[in-house]
Each structure stands twice: as structure tokens, then as C-alpha cells.
Amino acid sequence: MAQTTVANKTVKFIITRQDTPDSKPYTEEFEIPYRANMNVISGLMEIQRNPKKVDGASTAPVCWDSNCLEEVCGACSMVINGKPRQACSALVDKLEQPIRLEPMRTFPVVRDLVINRERMFGALKRVKAWIPIDGTYDLGPGPRMAETKRQWAYELSKCMTCGVCLESCPNVNDRNSFIGPAAISQVRLFNAHPTGEMNQEERLDALMSDGGIEGCGNSQNCVRSCPKGIPLTTSIAAINKDTTKHLFKKWLGV
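Please read all numbers here as calculations on a predicted model, not as lab measurements.

Engineer: Help me understand helix α9 (residues 232-252) in this model?
Structural biologist: Side chains of residues three or four places apart in an α-helix project in the same direction, reflecting 3.6 residues per turn. Compared with an ideal rise of 1.5 Å per residue, which puts 21 residues at 30 Å, α9 spans 30 Å between its outermost C-alpha atoms and is within 8% of the ideal. The complete set of buried residues in α9 reads Leu232, Ser235, Ile236, Ile239, Thr243 and His246. End-on view of α9: buried residues confined to an arc of 90 degrees, all on one side of the axis. Within α9, the exposed residues directed more than 90 degrees away from the buried face are Lys241, Trp251 and Leu252. Where α9 is buried, its residues contact α4 (147-156), α5 (164-168), α6 (181-192), α7 (200-207) and α8 (221-225). Phi for Gly253, located one or two positions after α9, is positive at around 70 degrees.

Here it is as C-alpha cells:
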């Protein structure tokens, strides 16, 4: 009897779709057979195999991004039941039905659940979130980091540029150029690196320009929504302190 109940069980999805970046969004409802241990991605794959709406009418397969399926790449970010998160780690058994899927609206929609993260990647370029090594010659082993510093720096390095923190931040929108919490946290990471700290003033200058750290309203939504538990607000506070020090040094000509 239990097996029959599971066999007849279904999962309902209401998916917000958009055919082109400029077209209007609309919703379509799907119902698929239930399987144990399903996540949202497996549900989307089932819909892709048989793209028929709940009324039986055929439709175009739903588009979405995914890669690692292990909550590492950040590609499958979307709004699930009103909350931005990773679709690969969103288990159907723990979600209220019907499961509502929407694209993250902080970013331009390409199609359906696929978004353009250029705003986020552009922010990382703006603050030079990398170690500037040109590769023309062997630099040998890098300087060692103290273990206490390495431990908290490793937590910052878990960022997978998923964009969830930007989606949940009320200060990141199309009406301003706020750089967002992810880039600020990466400045803290690379400024703490023994080699990266050589360019720390450039990164701080970038955060002191328009759309920089002053755009943070301290809502703390970012740290609550980060799927990796990165201490984003701690980074913002630390960088706030560093930019203030840097500002006074520039005034004093130090």
C-alpha cells in the first residue's frame, strides 16, 4: 500500500518563464512523478525530458543553469518558494508545494531561469579580486600565512559567485551601482593575502568610489542567505574600518 501511494505521488512546479530578455514573464504549471530524494534540478530535468504542462499541452523545455550539482559552482541559483538559493541543494521533500521557481531579478534575465551575472563579475574586476601574478617567471613558494589568519581567510574563499547575497540585498538593484557584499568580502580576502596585499590600496580606492561600500545599508540579509555561511557582514565591517583608515592616510599624505 505504501509503495502504491509513493508511486502515485506527484510534485507540482509553478515556474516563471521569460522567452527573451525583453519579453514579459509568465508562469506555467507542471506536475511530475515523485521520486525519493529528488532535488529541484532533478525535477527540472524531468520537465525537460517531457515538457508538458499540467493541462497536458506541450511547451518549450525550461531553461536553467547548472554545473557541479554539489553546491560548489553557484550556477543553479534561483528563487525557490520566494527565497534565493541553490536548486541542487533544495530537496523536494523539504519544500512546500507547489514549488515556485523564479529567476533572480537582481540580474537581467536571459531566458526562463537563466540570468546574466555580469554585474557581479564586473564588480570583482573593479576591485581586482585576484593575485596579480603575470606568470613570466617562477616566483618560488609564496610567503606563509599565520594559521589563525588562514582559517578565517579560507571561509571567505568559499564564495562561489552564486549571486544569492546580491539578490537578497535590498541595496542592490537597477536604481544604483552598489557593488554588493560579495566583492567587498573578496577585497578583504585578497588584501589579507601576503602577495595580494601589495595592491590593497587600489582595492580600497575602488570601494571608496561611487557605488562602493557606502552603498551598504546594513540590512544583513546577505549573511543570512549565503549558502556557504560566509561572514559577509564581518567582512563589510572590517573593510569599512580599512577604508576609513585609508581615507585619513590620504588626507594626511601618509
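Engineer: Explain the pattern of salt bridges here, please?
Structural biologist: Side chains carrying opposite charge are able to pair once their charged atoms draw close together. Evaluation of the coordinates by the stated rule reveals eight salt bridges. Its salt-bridge partner being Arg17, residue Glu28 comes within 2.8 Å of it at the nearest N-O pair. With Glu28 in strand β2 (residues 26-33) and Arg17 in strand β1 (residues 10-17), the pair connects residues that are eleven residues apart, well separated along the chain. Salt bridges here are not isolated pairs; linked through shared partners, they connect Arg17, Glu28 and Asp112.

About the criteria used
In this convention, every chain numbers its residues from 1, walking through the sequence in written order. The predicted nature of this model means local features are confined to residues of pLDDT at least 70 and side-chain atom pairs, given and counted, to a pLDDT of 80 or more, with totals for whole chains, interfaces and linings taken over all residues. Side-chain calculation: all heavy atoms of the structure are included, whereas hydrogens and water are not. Numbering of helices and strands runs from the N terminus, with a helix taken as a DSSP run of H or I at least four residues long and a strand as a DSSP run of E at least two residues long. Residue count minus one, scaled by 1.5 Å, sets the expected span of a helix. Using a 1.4 Å probe on the protein chains alone, a residue whose accessible area is under 20% of its type maximum counts as buried, one over 50% counts as exposed, and one in between counts as partly exposed. What the arc covers is the set of directions going from the helix axis to the C-beta atoms. Residue contacts are counted whenever heavy atoms from the two residues lie within 4.5 Å of one another. The term salt bridge refers to a side-chain nitrogen of Lys or Arg lying within 4 Å of a carboxyl oxygen of Asp or Glu.

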